[in-house]
Amino acid sequence: MQSAFNETKTHGTLTFPYTVYKVDIPEFLRAYPPHLHAAAELIYIENGGGTVCVDACRYAAERGDIFIVPPETAHAIEQDGDRAMRYFNVLFDPSILGVSAADPCYRKYIAPFSAREKRPPAYVPNGSALNAALRPHLDYLVQNRHAGDDELMIKSELFAIMSCITRHAEAACEQAAPSRAALMPALRLVCERYGEKLTVTDAAESCGYSPSHFMKLFKAYTGKSFAEYLIEYRVEAAASMLADTDKKILDVALDAGFDNPSYFARAVRAKYGLTPSEYRAAARKKQST
């Protein structure tokens, strides 16, 4: 599964950008740190519980809960103590709905959601009216996630989901989350140049802040220092390359921004409890099942 912080990989295919992932925590990792992508995402908790963070707001996630993540919205998922959690990610690019800017439905519903001008509630608890409305459509997508020739039904379920979501969306107030907008240039910098040498000064300058003020904002928003965030991003990117490519481990380390192979191996082991080669073997085994 692709899990780098800004997921440049297309979920699904270029012509049908939609997919459903099943995720178990803990498995290879105990958390997905803050990341964002161009796809909209619904997180559907099947069993257990943990913590889901959307735009720096933390929520206790329990069985049956749903979380709505609009495009380009930072979010994270974490293990809660020793609890296990299984959840499904339903990811789709709004363009899959086949509408254009000239379509009144696009202008009224899709564009405001995609641009985050109108935002639905991030947390949709089990038992709520919106949860009950969404569940049948998510259940269908989850149960039929391996069907390869059901595009019309998939689109119909996504339209139904968007109808539910937009009815509960409200005009966004950017002042309510100033850190997200203020720090977006730094998040973009990391996702575009994580393989290069990056400093706090580089990140602070991208946001127009002094390093000290930037570090304070960044820590408040992500819960991590910039250095911690960058290392974790690089490890996540390396994990994706280990799982999805045949690159030599040394090349993976260099491409992910690690110029010291020993430090790279320690960082991977610290996060996953496995060496890079062990992680690759385990990921390949899981992909084959």
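As a reminder, the structure under discussion sits directly above these lines.
Throughout what follows, the structure given in this document is the object of discussion. Predicted model, so just to flag it, every value in this text is computed and none were measured.

This part covers the pairing of strand 7 (residues 85–92). The element strand 7 is largely enclosed, with a buried count of seven among its eight residues. Bridge count for strand 1 (residues 18–25) against strand 7 is eight bridges, and the pairing is antiparallel. Bridge pairing links Val 23 to Tyr 87 in strand 7. Summarising the sheet, strand 3 (residues 40–54) and strand 7 pair through eight bridges and their orientation is antiparallel. Bridging from a neighbouring strand, Glu 41 pairs with Leu 91 of strand 7.

One side chain can pair with another of opposite charge once the charged atoms of both are near each other. Scanning the entire structure with this criterion turns up 11 salt bridges. Residue Glu 72 is joined to Arg 188 by a salt bridge in which the shortest nitrogen-to-oxygen separation is 2.2 Å. In this pair, Glu 72 is assigned in the loop between strand 5 (66–69) and strand 6 (75–79) and Arg 188 in helix 4 (residues 178–193), connecting sequence segments 116 residues apart. Of the charged contacts in the structure, one is a salt bridge between Lys 271 and Glu 232, with a shortest N-O distance of 3.1 Å. Here Lys 271, found in helix 9 (residues 261–272), pairs with Glu 232, found in helix 7 (residues 226–244); they are 39 residues apart in sequence, far enough to count as distant. You'll find Lys 271 and Glu 232 in the same group, each marked buried. One salt-bridge network, in which partners are shared between bridges, spans Lys 224, Glu 232, Glu 236 and Lys 271.

The geometry of helix 2 (residues 129–143) relative to helix 3 (residues 151–167) is characterised by a closest axis approach of 10 Å and an angle of 165 degrees between their N-to-C directions. Put simply, helix 2 runs roughly antiparallel to helix 3. Two packed elements cross with a definite hand, and for helix 2 against helix 3 that hand is left-handed. When helix 2 is examined against helix 3, the residues Leu 130, Ala 133, Leu 134, His 137, Leu 138, Tyr 140 and Leu 141 are found in contact with a partner set consisting of Met 153, Ile 154, Glu 157, Leu 158, Ala 160, Ile 161, Cys 164 and Ile 165. In terms of residue class, the contact of helix 2 with helix 3 is made up of 13 nonpolar, one polar and one charged.

What follows is about helix 9. Between the first and last C-alpha of helix 9 there are 16 Å, a value that for 12 residues agrees with the 16 Å anticipated at 1.5 Å per step. Taken as a whole, helix 9 has its buried residues at Phe 264, Ala 267, Val 268, Lys 271 and Tyr 272. Summarising the axial view, the buried residues of helix 9 lie within an arc of 105 degrees, below the 170-degree limit, and thus occupy one face. Opposite the buried face of helix 9, by more than 90 degrees, sit the exposed residues Arg 266 and Ala 270. The opening residue of helix 9 is Asn 260, an N-cap whose side-chain oxygen sits 2.9 Å from the backbone nitrogen of Ser 262. Phi turns positive one or two residues past the end of helix 9, at Gly 273, with a value near 75 degrees.

The next subject is the nonpolar core. Counting 35 residues, the largest nonpolar core has Ile 43, Tyr 87, Tyr 272 and Tyr 279 as the members making the most contacts within it. Those elements that provide at least two residues to this core are strand 1, strand 3, strand 5, strand 7, helix 7, helix 8 (249–255), helix 9 and helix 10 (276–288). Core analysis: the second largest hydrophobic core is formed by 28 residues, Leu 97, Leu 130, Leu 141 and Ile 154 among them.

Thresholds applied
- Residues numbered from 1 in each chain as written.
- Predicted model: local features only at pLDDT ≥ 70, side-chain atom pairs only at ≥ 80, totals over all residues.
- Heavy atoms only, no water.
- Buried < 20%, exposed > 50% of the residue type's maximum accessible area, 1.4 Å probe, protein only.
- Helix = DSSP H or I, 4+ residues; strand = E, 2+ residues; numbered from the N terminus.
- Pairing = 2+ DSSP bridges.
- Salt bridge = Lys/Arg side-chain N within 4 Å of Asp/Glu carboxyl O.
- Axes fitted to C-alpha atoms, helices over the stretch in contact; angles between N-to-C directions.
- Parallel < 35°, antiparallel > 145°, perpendicular 65-115°, else oblique.
- Left-handed = near helix turned anticlockwise from the far one by under 90°.
- Contact = heavy atoms within 4.5 Å.
- Nonpolar A, V, L, I, M, F, W, Y, C, P; charged D, E, K, R; others polar.
- Expected span 1.5 Å × (residues − 1).
- Arc of directions from axis to C-beta.
- Polar contact = N/O pair within 3.5 Å; in protein donor to acceptor, adjacent residues only side chain to side chain.
- Core = buried A, V, L, I, M, F, W, Y, C linked by side-chain atoms within 4.5 Å.

In short, geometric facts, not functional conclusions.
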